[in-house]
Amino acid sequence: MYFLSPRRIVTALLAAGLAVVMLTPVDVPQSVPSYTDQLVHLTAFVLLVLPAALSRRVPLGLLFVGLFVGAAAFGGAIELIQPHFGRSADVKDWVADMAGAAAGLLLALGIRRIR
């Protein structure tokens, strides 16, 4: 059954995990560099889009546009609701989310070409 493909299940679990982690209040020590949060966002969104981007069942262009728009919307929604969970919204985090999604898609493109 295509709807329950392993890639979709992994992507859904990653999205759920990211939502929980990104909405949980956290105390960051002052010794942590300020850009660390953006690196975490970038890495998380690379990992979020990668499994779905490796799918061969959907045309490449449609898949990549849909994944980028979906990841950008997901990241934006998380940033918008974070203040309701004791976290602060940050446009830099959202930009890092989109950069991570783009990087994940480019990585998937390279992997797909090697296959």
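Residues numbered from 1 in each chain as written. Predicted model: local features only at pLDDT ≥ 70, side-chain atom pairs only at ≥ 80, totals over all residues. Heavy atoms only, no water.

Caption draft 1: Structural context of a nonpolar patch on the surface. Together, Leu4, Ile9 and Leu13 make up a nonpolar patch on the protein surface, roughly 300 Å² of accessible area in all. Locating Leu13 in the fold gives a position in helix H1 (residues 6–23). Classification of Leu13 by relative accessible area gives exposed; the value is 59%. (Patch = residues over 30% accessible without salt bridge, like charges linked within 9 Å, V, L, I, M, F, W, Y side chains within 5 Å. Areas by Shrake-Rupley, 256 points an atom, 1.4 Å probe, with all protein chains shown as cover. Salt bridge = Lys/Arg side-chain N within 4 Å of Asp/Glu carboxyl O. Helix = DSSP H or I, 4+ residues; strand = E, 2+ residues; numbered from the N terminus. Buried < 20%, exposed > 50% of the residue type's maximum accessible area, 1.4 Å probe, protein only.)

Caption draft 2: View of the packing of H1 against helix H3 (residues 60–81). For the pair H1 and H3, interaxial distance at closest approach is 10 Å and the crossing angle is 25 degrees. It follows that H1 is roughly parallel to H3 by the angle criterion. For the crossing formed where H1 meets H3, the hand is right-handed. Across the interface between the two elements, Ala15, Leu18, Ala19, Met22 and Leu23 of H1 pack against Phe74, Ile78 and Ile81 of H3. (Axes fitted to C-alpha atoms, helices over the stretch in contact; angles between N-to-C directions. Parallel < 35°, antiparallel > 145°, perpendicular 65-115°, else oblique. Left-handed = near helix turned anticlockwise from the far one by under 90°. Contact = heavy atoms within 4.5 Å.)

Caption draft 3: Seen up close, the packing of H1 against helix H2 (residues 36–53). Relative orientation of the contacting elements H1 and H2 amounts to 160 degrees, with a least axis distance of 7 Å. With respect to H2, the element H1 is oriented roughly antiparallel. You can see that H1 and H2 cross each other, and the crossing is left-handed. Along the contact surface, H1 presents Arg7, Val10, Thr11, Leu14, Ala15, Leu18 and Met22, while H2 presents His41, Ala44, Phe45, Leu47, Leu48, Pro51 and Ala52. When the residues that make up the contact of H1 with H2 are grouped by side-chain class, the tally is 11 nonpolar, 2 polar and 1 charged. (Nonpolar A, V, L, I, M, F, W, Y, C, P; charged D, E, K, R; others polar.)

Just geometry here; none of it tells us what the structure is for.
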